[in-house]
Amino acid sequence: MRIRKGIAAILCAALLAGCGKSGDTGEIDQMEPVKGKYVESSVDLPEELEGWTVKQLFTAGGKIHLFALKAEGDRTIAGEWELQEDGFADVTRPWLETVELPGGETRIEAKLMQTREGGQYLYADYIREGVTEPGTCLWKEENGEAREITPEKWRTFNEEWGGYEAVAGIDVLDNDTLLAATYTSLDLLNGSDGSVMESEAITVPYDTMVSDGENVWICSSYQYDSPELVIEKCPEGKYSQASAVTAPDNMTGAKYCIREDGTLILAGEEGIFSGKESPGTDGGMTWEKLLGGVETDFGLSGCWCIGLGAPQDGAVYALFQQSGGGYRLRRYEYDPDAVIEIIEELTLYTVRENYLLNQAAAMYHREHPEILITIRNVYSKYEEETDYNAVYQELNTMLMGEAAPDILVLDHLDIASYAEKGLLEDLGDVVTPMEESGELLANITGAYIREDGHRYVVPLEFGITMAVGRDIRAEDMLSMEKLSEFLAGSRDSYMGPQTVGELVEKFYPYFCDGIVADKALDKAALGKYLEQLKKIGDNCGIIDVREKGEKAYNMWDLASGAKLALEDIEGFNDCMFPLAMMDYIQGEFAVFENCFLPMVQTGICTKSTHKETAMDFLAFALSEEMQVSDPYGGFPVNTAALEKMAHSDRSEAEAEASIDAEGGTIEFRISDFSKETADRLVEVCKGLYRPVGEDEKIREVLTQALENYLKGGQSLEDTVQRIDDGLKMYLGE
């Protein structure tokens, strides 16, 4: 569901007060450069790692280790490397060679664990095609050989919930006991035979754990009711004695590790933090920010951290896997001679966190170390609800005061009101030359040119509404007009029963801008759209409410009850599922109404004293280099980036899912689409010509006024008049 903008009336009239900014200019006043900061550097990986899949980076014996697997025919071999003074050395112990791991098409998750005394354990979980039995195993090193000590609990079918225990995290203590987290319990295991010594039920899904030898620190990275990290310290691995650990604000999905002295290192998009327990507190931590995320690879969306280590030398090591393959190892270390010389700092305000913005800010800082773009995210990307009233109040207060942002992302906000009040700069000097050269998709960016010839925002990405159907041609799914004509002649319900609110939510964005002219309702245009909506509603069938837990048909239901579904699609990776479903049902697709969904609509505040830098950053964000950096974002507005991403390798995004099909449940493969389909999507994107509209008040009035009309109890004329009465004052403001 799209998020709708707040009511325009919330905009404060005081915004008209002056556009000059006095006092703080944002310049960093430094008589002389300050020295001493953490810096990022690269560490060469061992050449023989080519062809291996790295599973882990960890610290053992005060040194950084890598653990990797490699398939060789019908078996998989394991390898371990240690970072020494002159580089990595192979330190694989003979016992690992005796571990029996399957090869072929098997997918293996594994972790190598080591006590302070040097004893090693190996956990592995492998999934083989066509095999339903659990492949979860645990081995220990004993007399130079591997002895399996897999807990019987992992091999026992759980009748209560119909499956086997899945291990989410595991680590070892120096007393040769192990703590393992399943999705239902935390189990303390005997390191001699794998037997369960203690088991405690849990309600929080702990997905990672790290041992410092005496304690195990367990972490739940993602919570549905909270995006914050949940970290607990378990002395001797005992959950009953666990104490909660306070994490830095806004840390989500972070990696963490423990130094031997008990210092906790957290690293993620917000930066790298070092924490020590505060004396006399229960889980309280004192945190020091070593580096901002924008200054590290954690700020880049084209790679993700798969391991973190912190030996006692004070450095922090992070291993990153790159999108498209390959690894890189980074070292973060304090350099007393490194110069801190930020001479210009800009603020970017956005309602919702965005990978492309994070990436652009990080990369721009690397190219211009003296400039820092600080991003102010009102909501993280994991939070679903948005209070736009609160957003308007906060943003308006900032714009009226001395803390006005330099760069604004105005998705789902009233862009026209901000432009009319003189709060946004004209972006023509940046965008127009890029359009004229063909660098940008002028059909997308040109839609923002106003009647006065100015443009005040530009979208960095966009989406589409994809219609997929069976027993219906693509040309019959192109618009409301064509769809309504087709459905009026069909006896089958193509989208299934809809409430009035659901039907309005689906279709009003494609006509809400077309029914308003000169601050008044265009009754003739509205009447035409309502007649089309009535035909669509008649085919669906209108219901009053849904039962608890019941949902309207969507793309997942095309293999069973539905024959047509509309879905908002953000980028080429997001196309994979609906196109795979289209192939399964032997259907067709179309982009509904040739509209695009604006994303990351960016403007520059007139109160900024850094307009030139802000413009340069905007051009950087629109460049091919930046626009190809987020494969899971929307479609790029940069032409070369659009074409490159259309034909990029999406194998890492392929997946399998269980879906309901006529006759039962089937395993459904979500694979990449063909080159021909990619070419067609590119051409479709180049042919889009207007953004969808959104207006909370229009949606509200339509929903209230249409119920009797859609059910056949109210005439078209009366319905149009009722809508006009409900909107007259609002539109005239």
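It is worth spelling out the overall build of the protein chain at this point. Each helix and strand in the protein chain was counted, giving 16 helices and 37 strands. Taken against the 2.2 N^0.38 rule, which gives 27 Å for 733 residues, the C-alpha radius of gyration of the protein chain at 29 Å falls within 12% of a compact globule. On the principal axes, the C-alpha backbone points of the protein chain span a range of 90 × 75 × 50 Å. Going through the 733 residues of the protein chain one by one, you find that 53% of them count as buried.

Here we come to the sheet that holds strand β4 (residues 75-84). In space, the four strands of this open sheet follow the order β2-β3-β4-β5, with antiparallel pairing throughout. The two strands at the open ends of the sheet, each matched to only one other strand, are β2 (53-60) and β5 (87-90). Going from strand to strand, the sheet's axes swing by 30° on average, the running direction of each strand aside. With four bridges connecting them, β4 and β5 associate as antiparallel partners. Each bridged residue has a counterpart across the sheet, and for E82 the counterpart in β5 is A89.

As a further point, take the packing of aromatic side chains. Across all of its chains, the model carries 19 aromatic pairs by this definition. Cluster of aromatic residues (ring-pair linked, three or more members): F462, F572, F596 and F635. Sitting over the face of the ring of Y529, K528 holds its NZ or CZ atom 4.7 Å from the ring centroid.

A word on the pairing of strand β6 (residues 107-114). Strand direction decides the pairing type here: β6 and strand β7 (residues 120-127), joined by eight bridges, are antiparallel. The residue bridging I108 from the neighbouring strand is Y126, located in β7. Counting the residues that bridge the hairpin from β6 to β7 gives five residues, and of these G118 lies at a positive phi of roughly 105°.

Attention now moves to empty space enclosed by the protein. Using the criterion set out here, one finds one cavity of 30 Å³ or more in the structure. What lines the largest cavity is L179, L186, D187, L188, E198, S199, E200, G237, K238 and Y239. Where the lining of the largest cavity is concerned, the elements lending two or more residues are β12 (185-190) and β13 (196-201).

Moving on to the sheet that holds β13. Pairing is antiparallel across the open sheet formed by four strands, whose spatial order is β10-β11-β12-β13. Of all strands in the sheet, those with a lone pairing partner are β10 (167-172) and β13, marking the two edges. Between one strand axis and the next, the sheet turns by 15° as a mean value, whatever way the strands run. Judged from the five bridges that link them, strand β11 (residues 177-182) and β12 form a sheet pairing that is antiparallel. Looking at β12, one finds that L178 is bridged to L189.

Below, the discussion takes up a negative patch on the surface. A cluster of acidic residues, D44, E47, E48, D90 and E97, forms a negative patch at the surface. Take D90: it is sitting in strand β5. The partly exposed category is assigned to D90, whose relative accessible area is 48%.

Here we come to the packing of helix α9 (residues 523-540) against helix α16 (residues 716-732). Angle between the axes and distance between the axes are the two parameters that describe a pair of packed helices. Here α9 crosses α16 at 125°, and the two axes come no closer than 10 Å. Put simply, α9 runs oblique to α16. The hand of the α9/α16 crossing is right-handed. Listed contacts from α16 to K523, L526, G527, L530 and E531 of α9 are L716, T719, V720, Q721, I723 and D724.

This next bit is on the environment of W304. Relative to the helices and strands, W304 resides in strand β22 (residues 303-309). Under the relative-accessibility criterion, W304 is labelled partly exposed at 34%. Expressed as a C-alpha distance, the spacing of W304 and R366, which sit 62 residues apart in the sequence, is 18 Å. Dropping the residues within four chain positions of it, W304 is found in contact with L319, F320, Q321, Q322, S323 and E652.

Attention now goes to the confidence of the model for the protein chain. Per-residue confidence for the protein chain gives a mean pLDDT of 89; residues scoring 70 or more make up 92%. Note on residues 1-31: pLDDT under 50 across the span, and 81 contacts to partners over four residues away in sequence or across chains.

This part is about the side chain of E82. Topologically, E82 is positioned in strand β4. In terms of polar contacts, E82 uses its side chain to reach the side chain of Q84, at 3.0 Å. Setting aside its immediate chain neighbours within four residues, E82 contacts K63, I64, H65, G87, F88, A89 and V91.

Once that is clear, we can look at the side chain of R546. Along the chain, R546 falls in the loop between α9 and β31 (564-569). In terms of polar contacts, R546 uses its side chain to reach the side chain of E502, at 2.7 Å. Engagement of the side chain of R546 in a polar contact is seen with the side chain of E550, the distance being 3.3 Å. Those residues within four positions of R546 in sequence are excluded, and the remaining contacts are P497, Q498, T499, E502, K551 and A552.

According to the stated counting rule, one finds 39 salt bridges in the structure shown. As a salt-bridge pair, R93 and E141 come within 2.8 Å of each other at their nearest N and O atoms. Of this pair, R93 sits in the loop between β5 and α1 (94-97) while E141 sits in strand β8 (residues 136-142), and the two are 48 residues apart along the sequence. By relative accessible area, which is 24% here, E141 ends up partly exposed. We note a salt bridge from D313 to R331, for which the minimum N-O separation is 3.7 Å. Taken together, the residues span a long stretch of sequence, with D313 in the loop between β22 and β23 (316-322) and R331 in strand β24 (residues 327-340) at a distance of 18 residues.

So, how was this worked out
- Residues numbered from 1 in each chain as written.
- Predicted model: local features only at pLDDT ≥ 70, side-chain atom pairs only at ≥ 80, totals over all residues.
- Heavy atoms only, no water.
- Helix = DSSP H or I, 4+ residues; strand = E, 2+ residues; numbered from the N terminus.
- Rg over C-alpha atoms; globule rule 2.2 N^0.38 Å.
- Buried < 20%, exposed > 50% of the residue type's maximum accessible area, 1.4 Å probe, protein only.
- Pairing = 2+ DSSP bridges.
- Axes fitted to C-alpha atoms, helices over the stretch in contact; angles between N-to-C directions.
- Phe/Tyr/Trp six-rings, centres within 6.5 Å; stacked < 30°, edge-to-face > 60°.
- Lys NZ or Arg CZ within 6 Å of the ring centre and 35° of its normal.
- 1 Å grid on protein atoms, 1.4 Å probe; cavity = no way out; pocket = protein on both sides within 12 Å on 5 of 7 lines; lining within 4 Å.
- Points joined across faces, edges and corners; volume = space filled by probe spheres on them.
- Patch = residues over 30% accessible without salt bridge, like charges linked within 9 Å, V, L, I, M, F, W, Y side chains within 5 Å.
- Areas by Shrake-Rupley, 256 points an atom, 1.4 Å probe, with all protein chains shown as cover.
- Salt bridge = Lys/Arg side-chain N within 4 Å of Asp/Glu carboxyl O.
- Lys, Arg positive; Asp, Glu negative; His and termini not counted.
- Charge placed at Lys NZ, Arg CZ, Asp CG, Glu CD.
- Parallel < 35°, antiparallel > 145°, perpendicular 65-115°, else oblique.
- Left-handed = near helix turned anticlockwise from the far one by under 90°.
- Contact = heavy atoms within 4.5 Å.
- pLDDT = per-residue confidence, 0-100.
- Polar contact = N/O pair within 3.5 Å; in protein donor to acceptor, adjacent residues only side chain to side chain.

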